[in-house]
Amino acid sequence: MLLCLLGLPLSAQEQIDEQLKSLQAQIRERQQALDVKLANAKELENTLRKAEKQIAVLIKDLKQTRRRLDSTEQEQKRLQREQAQLRQQISQQQDALADQLHSAYMTGQHDFSKMLLNQEDVSRLERMLRYYGYLNQARLEQIQHFTELVTKLKSVETDLEGKRRELANLVQVQEAQRQLVASEQDKREATLKELESRIDTDAAQIEQLQINEQNLIQTLQRAAEMAARQPQDLKGLDGLKGKLLRPTGGRLRDLYAKKRQGQIRWKGVLFDGSLGDSVRAIHHGKVLFADWLRGFGLVTVLDHGDGFMSLYGYNQALLKDVGEQVEAGEEIALVGQSGGQSSPALYFELRHKGDAINPAQWIKD
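The structure displayed is predicted, hence computed values, not measured ones. (Residues numbered from 1 in each chain as written. Predicted model: local features only at pLDDT ≥ 70, side-chain atom pairs only at ≥ 80, totals over all residues. Heavy atoms only, no water.)

## So, the overall build of the protein
A count of helical and extended segments in the protein gives six helices and 13 strands. Looking at the protein as a whole, 37% of its 365 residues are labelled buried. The long-range fraction of contacts in the protein, counting pairs at least 24 apart against all pairs at least 6 apart in sequence, stands at 71%. When the accessible surface of the protein is totalled, it reaches about 21,100 Å², and 49% of it is carbon and sulfur. (Helix = DSSP H or I, 4+ residues; strand = E, 2+ residues; numbered from the N terminus. Buried < 20%, exposed > 50% of the residue type's maximum accessible area, 1.4 Å probe, protein only. Contact = heavy atoms within 4.5 Å. Areas by Shrake-Rupley, 256 points an atom, 1.4 Å probe, with all protein chains shown as cover.)

## Here's the deal with the pattern of salt bridges
One pass over the full model with this rule turns up 14 salt bridges. When the shortest N-O distance is used, the salt bridge between D272 and R253 registers 3.0 Å. Remark: R253 occurs in strand 1 (residues 252-253) and D272 occurs in strand 4 (residues 269-272); sequence separation between them is 19 residues. In this structure, K320 and E330 form a salt bridge, with 2.7 Å as the shortest nitrogen-oxygen distance. Placement of the pair is K320 in the loop between strand 9 (317-318) and strand 10 (325-326) and E330 in the loop between strand 10 and strand 11 (331-334), with a sequence separation of ten residues. What makes K320 buried here is its relative accessible area of 14%. For E330, a relative accessible area of 25% corresponds to the partly exposed category. Connected through shared salt-bridge partners, E75, R78, E82 and K152 make up one network. (Salt bridge = Lys/Arg side-chain N within 4 Å of Asp/Glu carboxyl O.)

## Digging into the sheet that holds strand 5 (residues 278-280)
The strand order across the open sheet formed by three strands is 5-11-9, and the pairing between neighbours is antiparallel. Two strands bound the open sheet, and with one partner strand each, they are strand 5 and strand 9. Pairing between strand 9 and strand 11: two bridges, direction antiparallel. Directly across from L318, in strand 11, lies its bridge partner A333. (Pairing = 2+ DSSP bridges.)

## Some remarks on the confidence of the model for the protein
With 73% of its residues at a pLDDT of 70 or more, the protein shows a mean pLDDT of 78. Within the model, the stretch residues 1-6 combines pLDDT values under 50 with five contacts to residues more than four positions away or in other chains. (pLDDT = per-residue confidence, 0-100.)

## Examining the pairing of strand 4
Moving residue by residue along a regular strand, the side chains alternate between the two faces of the sheet. Pairing of strand 1 with strand 4 involves two bridges; the strand directions are antiparallel. Bridge assignment links R253 to a residue of strand 4, and that residue is L270. As judged from the four bridges shared by strand 4 and strand 12 (residues 345-352), these two strands associate in the antiparallel manner. If you follow V269 over to strand 12, its bridge partner there is F348.

## A look at the nonpolar core
In terms of nonpolar packing, the biggest core is built from 33 residues, with Y312, I332, F348 and L350 touching the most fellow members. Where this core is concerned, the elements lending two or more residues are helix 2 (12-106), strand 4, strand 6 (285-293), strand 7 (297-305), strand 8 (308-315), strand 9, strand 11 and strand 12. When near neighbours in sequence (up to four residues on either side) are disregarded, I332 contacts V279, R280, A281, T300, L302, Y312, L318, L319, K320 and V326. (Core = buried A, V, L, I, M, F, W, Y, C linked by side-chain atoms within 4.5 Å.)

## Things to note about the environment of S91
Tracing the backbone shows S91 in helix 2. Given a relative accessible area of 34%, S91 falls into the partly exposed group. In this structure the C-alpha to C-alpha distance between S91 and F146, which are 55 residues apart in sequence, comes to 9.4 Å.

## Some words on the side chain of T248
Topologically, T248 is positioned in the loop between helix 6 (202-229) and strand 1. At 2.9 Å, the side chain of T248 forms a polar contact with the backbone oxygen of S278. Setting aside anything within four residues of it in sequence, one finds T248 in contact with F271, D277, S278, V335 and L346. (Polar contact = N/O pair within 3.5 Å; in protein donor to acceptor, adjacent residues only side chain to side chain.)

## Observations concerning the pairing of strand 11
Pairing of strand 5 with strand 11 involves three bridges; the strand directions are antiparallel. If you follow S278 over to strand 11, its bridge partner there is L334.

## Concerning empty space enclosed by the protein
According to the stated counting rule, one finds one cavity of 30 Å³ or more in the structure shown. The calculated volume of the largest cavity comes to roughly 30 Å³. Lining the largest cavity, in full, are A227, Q230, P231, Q232, K286, L288 and D303. Taken together, the residues of the lining of the largest cavity break down into three nonpolar, two polar and two charged. (1 Å grid on protein atoms, 1.4 Å probe; cavity = no way out; pocket = protein on both sides within 12 Å on 5 of 7 lines; lining within 4 Å. Points joined across faces, edges and corners; volume = space filled by probe spheres on them. Nonpolar A, V, L, I, M, F, W, Y, C, P; charged D, E, K, R; others polar.)

## Side note on unusual backbone geometry
One non-glycine residue with positive phi stands out, namely Y314, at about 70 degrees. Look at K353: it is not a glycine, yet its phi comes out positive at around 55 degrees. You can see K353 is positioned in the loop between strand 12 and strand 13 (355-357).

## Some points on the environment of L79
Considering the arrangement of structural elements, one finds L79 in helix 2. As a C-alpha pair, L79 and L153 span 74 residues in sequence and 9.9 Å in three-dimensional space.

## Quick notes on the side chain of T300
Here T300 lies in strand 7. The exposure class of T300 is buried, given its relative accessible area of 0%. If we skip the residues at most four places from it in the chain, T300 touches V287, F289, A290, S310, L311, Y312, N315, L318 and I332.

## Section: the packing of aromatic side chains
Centre distance and the angle of the planes are the two values used to describe a pair of aromatic rings. Counted under the stated rule, the structure contains six aromatic pairs. A cation over a ring is seen here: R260 above W266, with NZ or CZ 4.1 Å from the ring centre. (Phe/Tyr/Trp six-rings, centres within 6.5 Å; stacked < 30°, edge-to-face > 60°. Lys NZ or Arg CZ within 6 Å of the ring centre and 35° of its normal.)

Take a look at the structure:
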């Protein structure tokens with residue numbers, strides 16, 4: 001540079017060195033700008049993580065409320081059927097007693113019959129029942145059964161009223177939960193838009209994907225180490241290629257090993273779906289991980305033994321906790337779009353001893 005100022009010509013090597021220094025300076029500037037973008041993105045991702053985890057809690061609560069609502073509605077219907085049956089039986093008992101009293105009246109048992117027909121008080125009725133020995137045992141049993149039916153009907157009607165109140169409360173709870181979910185989803189969308197505006201270059205997107213993938217690998221390594229320290233009777237997936245259950249009902253998009261962006265390739269597949277669709281275990285196993293991961297959202301990882309693990313990402317809610325045993329086909333999560341996804345889907349990976357393998361070759365058609 002000094003030679004240029006003095007008007008002296010630069011040698012070829014000096015020109016190359018100058019160009020290299022200029023290029024290095026530009027790279028440093030771009031890297032610094034990229035670092036700033038990623039730092040800002042990380043803050044936004046923390047906000048996104050909190051919003052999506054809160055949505056997951058609310059969705060899980062909402063699902064439990066719906067189950068209680070369904071159970072309460074079924075119990076209410078059962079009580080209504082029992083109420084109708086009891087009323088019918090009481091009506092039949094009333095008719096039978098009326099016939100007996102009419103017969104007694106016609107045979108001359110006037111005092112007792114008149115007392116009943118005039119509907120005198122119950123305490124006097126009980127005294128007269130003991131006093132009048134001509135009322136046979138069959139009639140006493142009918143009266144007792146009639147009284148029991150009336151008592152049971154009152155109990156059923158009390159239970160039914162309680163179920164009506166419980167049902168009304170559950171409907172209010174459900175509506176409140178829906179409103180909270182909607183509010184959290186609005187926050188998520190706003191955060192997601194801002195996050196997309198920060199990661200607006202190919203370089204930033206590629207680096208973000210690399211960070212996410214490295215974070216996933218480290219998480220799986222820790223999970224595998226934890227599994228190795230614990231006794232288990234899981235046998236792995238050998239011999240089950242092409243026989244494993246589908247994790248959800250949507251269309252499988254086989255993206256495995258295809259380019260995602262730059263030199264980054266897909267390590268798993270996607271299943272199309274709708275928000276709230278069931279995500280099920282492909283085989284029995286144990287939950288190794290159940291939490292939010294950058295780029296993958298709410299993730300469940302199952303250990304199947306012998307180094308085999310299955311991963312379920314982008315979920316709306318996780319229904320199983322770390323350490324729980326699950327059976328093949330058991331519901332473990334709900335399809336979602338967490339991790340900043342724009343549409344609902346299930347991201348699914350299958351790994352053996354840390355290496356990704358093509359899930360499409362292991363899942364039933």
